[in-house]
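Here is what each chain is made of, one letter per residue.
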Amino acid sequence: MAQRLNNRQREAVKYIDTPLLVLAGAGSGKTSVITTKIAYLIQECGIKARNIVAVTFTNKAAREMKERVGLLVRGRVSRGLTVSTFHHLGLTIIRKECSLLGYKPGFSIFDDKDIRSLLKELMMRELNAEDDTVERIQSAISAWKNDLVTPKQAMSQALQPEEMMAARVYENYNRMLKAYNAVDFDDLITLPVLLFRNQPDVLERWQNRIHYLLVDEYQDTNGAQYELVKMLVGQRGKLTVVGDDDQSIYAWRGARPENLSLLQQDYPALKVIKLEQNYRSTSRILKAANTLIANNPHMFEKALWSELGEGEKIRVIRCRSDEAECERIATEILTHRLRKETRYRDYAVLYRGNFQSRLLELKMQHHQIPYHINGGVSFFSRVEVKDVMAYLRLLVNPDDDNAFLRIVNVPRREIGPTTLEKLGNYANKHKVSLYQACDERGMEEVLASQYLERLRQFVAWMNRVSRRLQNSDDPVSVIREMLGDCEYENWLLQNSSSPVIAEKRMANIWFLVDSLQKTLESGEEDSSIEAAIGRLVLRDMLERQEEEDDTDRVQLLTLHASKGLEYPHVFLMGMEEDLLPHRTSIEEDNIEEERRLTYVGITRARKTLTITMASRRKQFGETLDTSPSRFLEELPQKDLVYKGFEQGEARQEERKMAGRVGLESLYKSLSD
DNA sequence: CATCGTATAGTTTTT
DNA sequence: CTATACGATG
């Protein structure tokens, strides 16, 4: 153990006799504990890396952890170590056992949008439902899956006719998914659990593979994930979980922080270790965090402390508008960076909703501040990426009707809905895929030759590409040719609102193609193009999406995305009622989770924390007045310095700032 | 069947 | 205000 760990941390690393719960406050070095423990297990306990599994909640965290373990054990001893997200682990299991689950290799994963259109289609048939019921059913199904409730159970538990309806849709939905050879996100967890329940021998196989299991961010596990952990650990009890109930911010997607205390029941021999020393923040920042979170009820009491000195006061700045707020943040970063000779990457701006990044982005550009937006629309949900993925899917599996429908007329091939409907009817009747149906004789009676010809042309073209793909020793260039052939770039250009956007979209495509190349070259077991595409389809390269972090840029991210990260200087923006306790949370009386979210935001900061808000905020074109967040009153007032609140203060500031930096915009933002 | 236009709805948070 | 969806027109 090369690293300096404190006594408690060391205890957590070395304790392996019974299940262990590490209650790790923010910044208490939990990642160090996990990584050191993995190294310890490998080096001191003789456990092979391939028999250790560590589970995190984000791909980024997983990658980081793997890297750190690699550094600790130096060399290839860490080969075969599994560090992945819950969903990735589930995916691995499903991929290995897919035949047992009734899936064919190369199955696809439906995202939110795919699911919604599937449900829409499904419900239109039964009864013409409204749009918001589709969404309600979608979240109901997700909730059921998270709690391992099968359609049959849902059916029998249903009390109201509406629930009954939802349960029926649920059953059909699952059937449809299987017909599409597809799974949804929740299935990645629930399918393995259901498999393990029904086939103990399969479970045993996996239990034998996993000699030690570590779970990070345990407070974020949902019912299904809890069950999965329990099953994989089995009687052996070789388990370490790390969590912090104060950082539970995913209850809205089924996370159950009470899983932390549930452990005590399930494992009577559970050992609990608390980590309370913080190695990240100044004591002022910690005091603010502690004071705020004290307003929440607690399962486990804990108080963070640090030896890093008192630090600067926390600034609370009120700006006159949302625009002024972003402007202020930009100029603050600029001047602070110059004065303190820091780098851009030392700053992060945290916000509640993704929409807040727009204005911010604009201001950053205006001031030529390099920035990086973390999150937003995920790479794989971008239309252009989904299009190309559909092409790839169709190449690997011509019977993927979903992929077929997506791109048969993209770019335009003059194949419209009526043609496709007839094709669909025929395919249904004759139990063949849409792709197959195109070439069948019987179609000639269903469809006029001019329309059928277009379909057949498309199929013939795809066949040609497919053949070339088989024979070529540079498959990726075949893909490039294919995209050139169908003039996808042209189509993007026509279809985007501006050439700049089209260019960005095209860049995404090339990134995707490059990833395919890399996947192909990275020498995994199966290096066929099919396997490479399969891995891509299964989002195996999700990690690669997080790009070069070594550039010097200000980080812009949501509070949710910020969990687990830290920055020397943090801006927490939009500290307003209805936004930081978000309105829906106020209405649902769920302030506690919002408070935890704020807690997470505060504890990201190492040296300085700046909280901002706007007195007026533009929403859908109209300007609304705001009021300061209630959380401001819950902070230790002595450690705060307010700017822009009282007239006197504001004026004083205005003079000071104007004298210091000659930035007109800054002057303007304060003069209200 | 495609293109263009208008209408309309939408902002939590994510694997 | 903007992205998307749907409907009217060519």
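These numbers come from a predicted model, not from an experiment. (Residues numbered from 1 in each chain as written. Chains lettered and ligands numbered in written order. Predicted model: local features only at pLDDT ≥ 70, side-chain atom pairs only at ≥ 80, totals over all residues. Heavy atoms only, no water.)

(A) Broad picture of the overall build of chain A. Per the secondary structure count, chain A includes 31 helices and 19 strands. Counting only residues that meet the buried cut, chain A has 54% of its 672 residues in that class. Within chain A, residue pairs in contact and separated by at least 24 positions form 76% of the contacts whose partners lie at least 6 positions apart. Element-wise, carbon and sulfur atoms account for 47% of the exposed surface of chain A, whose accessible area totals about 31,700 Å². (Helix = DSSP H or I, 4+ residues; strand = E, 2+ residues; numbered from the N terminus. Buried < 20%, exposed > 50% of the residue type's maximum accessible area, 1.4 Å probe, protein only. Contact = heavy atoms within 4.5 Å. Areas by Shrake-Rupley, 256 points an atom, 1.4 Å probe, with all protein chains shown as cover.)

(B) Region of the structure containing the pairing of strand E16 (residues 605-614). With eight of ten residues buried, E16 is to be regarded as a mostly interior element. Relative to E16, strand E11 (residues 314-319) runs parallel, the two being bridged by five bridges. Each bridged residue has a counterpart across the sheet, and for Cys 319 the counterpart in E16 is Ala 614. Of the pairings in the sheet, the one linking strand E15 (residues 567-572) to E16 comprises five bridges and is parallel in character. Bridged to Tyr 567 within E16 is Ala 605. (Pairing = 2+ DSSP bridges.)

(C) How the structure looks around the environment of Lys 431. One can find Lys 431 in the loop between helix H18 (417-430) and helix H19 (434-438). On the basis of relative accessible area, Lys 431 is assigned to the exposed category, the value being 72%. Between the alpha carbons of Lys 431 and Glu 217 there is a distance of 46 Å; along the sequence they are 214 residues apart.

(D) Structural view of helix H16 (residues 383-396). Here H16 spans 20 Å end to end across 14 residues, near enough to the 20 Å set by a 1.5 Å rise per residue. With twelve of its 14 residues buried, H16 lies for the most part within the structure. When H16 is considered as a whole, its buried residues turn out to be Glu 384, Val 385, Lys 386, Asp 387, Val 388, Met 389, Ala 390, Tyr 391, Leu 392, Arg 393, Leu 394 and Leu 395. (Expected span 1.5 Å × (residues − 1).)

(E) Representation of the protein's contact with DNA strand B within the structure. Residues in close proximity to DNA strand B total 22 residues, the closest being Arg 352, Asn 354, Phe 355, Thr 418 and Thr 419. The sugar and phosphate moieties of DNA strand B supply 46% of its atoms located within 4 Å of the protein. The side chain of Trp 252 places a nitrogen or oxygen atom 3.2 Å from a base oxygen of DNA strand B. His 560 places a side-chain nitrogen or oxygen 3.4 Å from a base oxygen of DNA strand B. (Near = heavy atom within 4 Å. Polar contact = N/O pair within 3.5 Å; in protein donor to acceptor, adjacent residues only side chain to side chain.)

(F) Quick look at the packing of aromatic side chains. Here the structure, examined in full by the defined rule, presents nine aromatic pairs. Taken together, the ring pairs connect Tyr 391, Phe 404, Tyr 435, Phe 458 and Trp 461 into an aromatic cluster. Directly above the aromatic system of Tyr 344 lies the positively charged group of Arg 337, at a separation of 4.0 Å from the ring centroid. (Phe/Tyr/Trp six-rings, centres within 6.5 Å; stacked < 30°, edge-to-face > 60°. Lys NZ or Arg CZ within 6 Å of the ring centre and 35° of its normal.)

(G) Representation of the pairing of strand E18 (residues 622-625). Relative to E18, strand E17 (residues 616-619) is paired through four bridges, and the arrangement is antiparallel. Residue pairing for E18: Gln 619 is matched across the bridge by Glu 622. Linkage of E17 to E18, two consecutive antiparallel strands, is achieved through a turn of two residues, within which Phe 620 is found at a positive phi near 55 degrees.

(H) Expanded view of the nonpolar core. Phe 404, Leu 423, Leu 455, Phe 458 and Tyr 488 are the most contacted members of the largest nonpolar core, which totals 51 residues. Not counting residues up to four positions away in its chain, the partners in contact with Phe 458 are Leu 394, Phe 404, Ile 407, Val 408 and Arg 413. (Core = buried A, V, L, I, M, F, W, Y, C linked by side-chain atoms within 4.5 Å.)

(I) Here's a closer look at the packing of H16 against helix H21 (residues 449-471). Two elements in contact, H16 and H21, have axes separated by 10 Å at closest approach and are oriented at 75 degrees. Judged by the inter-axis angle, H16 sits roughly perpendicular to H21. The residues of H21 that touch H16, namely those facing Tyr 391, Leu 394 and Leu 395, are Phe 458, Trp 461, Met 462, Val 465, Ser 466 and Leu 469. The residue inventory of the contact of H16 with H21, partitioned by class, reads eight nonpolar, one polar and no charged. (Axes fitted to C-alpha atoms, helices over the stretch in contact; angles between N-to-C directions. Parallel < 35°, antiparallel > 145°, perpendicular 65-115°, else oblique. Nonpolar A, V, L, I, M, F, W, Y, C, P; charged D, E, K, R; others polar.)

(J) Looking closely at the confidence of the model for chain A. Averaged over every residue, the pLDDT of chain A is 85; residues scoring 70 or more account for 89%. Below pLDDT 50 for its whole length, residues 540-544 participates in 17 contacts with residues either more than four positions away or in separate chains. (pLDDT = per-residue confidence, 0-100.)

(K) How the structure looks around the domain arrangement of chain A. Along its sequence, chain A is carved into domain 1 (7-97 + 189-275), domain 2 (109-180), domain 3 (305-374 + 552-654) and domain 4 (380-544). Here the C-alpha centroids of domain 2 and domain 3 sit 39 Å apart. (Domains from an automatic or database assignment.)

(L) Looking closely at the sheet that holds strand E3 (residues 82-85). The strand order across the open sheet built from six strands is E3-E2-E6-E7-E1-E8, with neighbouring strands paired in parallel fashion. Edge positions in the sheet fall to E3 and strand E8 (271-275), since each has one partner strand and no second. For this sheet, the mean angle separating the axes of adjacent strands, direction not counted, is 15 degrees. Note that strand E1 (residues 20-24) and E8 share five bridges and pair parallel. Bridging across to E8, Leu 20 finds its partner in Lys 271. Strands E1 and E8 of the sheet are contacted by helix H1 (residues 7-14), whose axis makes an angle of about 145 degrees with E8. The strands that helix H11 (residues 223-233) touches are strand E6 (212-215) and strand E7 (239-243); relative to E6, the one it contacts most, it runs at about 160 degrees.

(M) Layout of the pattern of salt bridges. Scanning the entire structure with this criterion turns up 38 salt bridges. The network of salt bridges with shared partners includes Lys 30, Asp 216, Glu 217, Asp 220 and Lys 563. (Salt bridge = Lys/Arg side-chain N within 4 Å of Asp/Glu carboxyl O.)

(N) Fine view of the packing of H1 against helix H2 (residues 30-43). Remark: H1 packs on H2, axes separated minimally by 8 Å, with the N-to-C direction vectors making an angle of 45 degrees. Of the possible angle classes, the one that applies to H1 and H2 is oblique. Of the two elements, H1 crosses H2, and the hand of that crossing is right-handed. Contact residues: Gln 9, Ala 12, Val 13 and Lys 14 in H1; Val 33, Thr 36, Lys 37 and Tyr 40 in H2. The residue inventory of the contact of H1 with H2, partitioned by class, reads four nonpolar, two polar and two charged. (Left-handed = near helix turned anticlockwise from the far one by under 90°.)

(O) Structural detail: the state of the cysteines. Counted under the stated rule, the structure contains zero disulfides. Its sulfur unpaired, Cys 438 is 17 Å from the next cysteine sulfur, which belongs to Cys 486. Overall, Cys 486 belongs to the buried group, its relative accessible area being 10%. (Disulfide = S-S within 2.5 Å.)

(P) Structural context of the sheet that holds E15. Taken together, the seven strands give an open sheet; going across it, the order is E13-E14-E12-E15-E16-E11-E19, and neighbouring strands pair in parallel fashion. If you trace the sheet from one side to the other, it starts and ends with strand E13 (371-374) and strand E19 (640-643), each paired once. Here the average twist between neighbouring strands, direction ignored, is 20 degrees. Where E13 lies against strand E14 (residues 554-558), four bridges are found, and the strand directions are parallel. Its bridge partner being in E14, Ile 373 is matched across the sheet by Leu 556.

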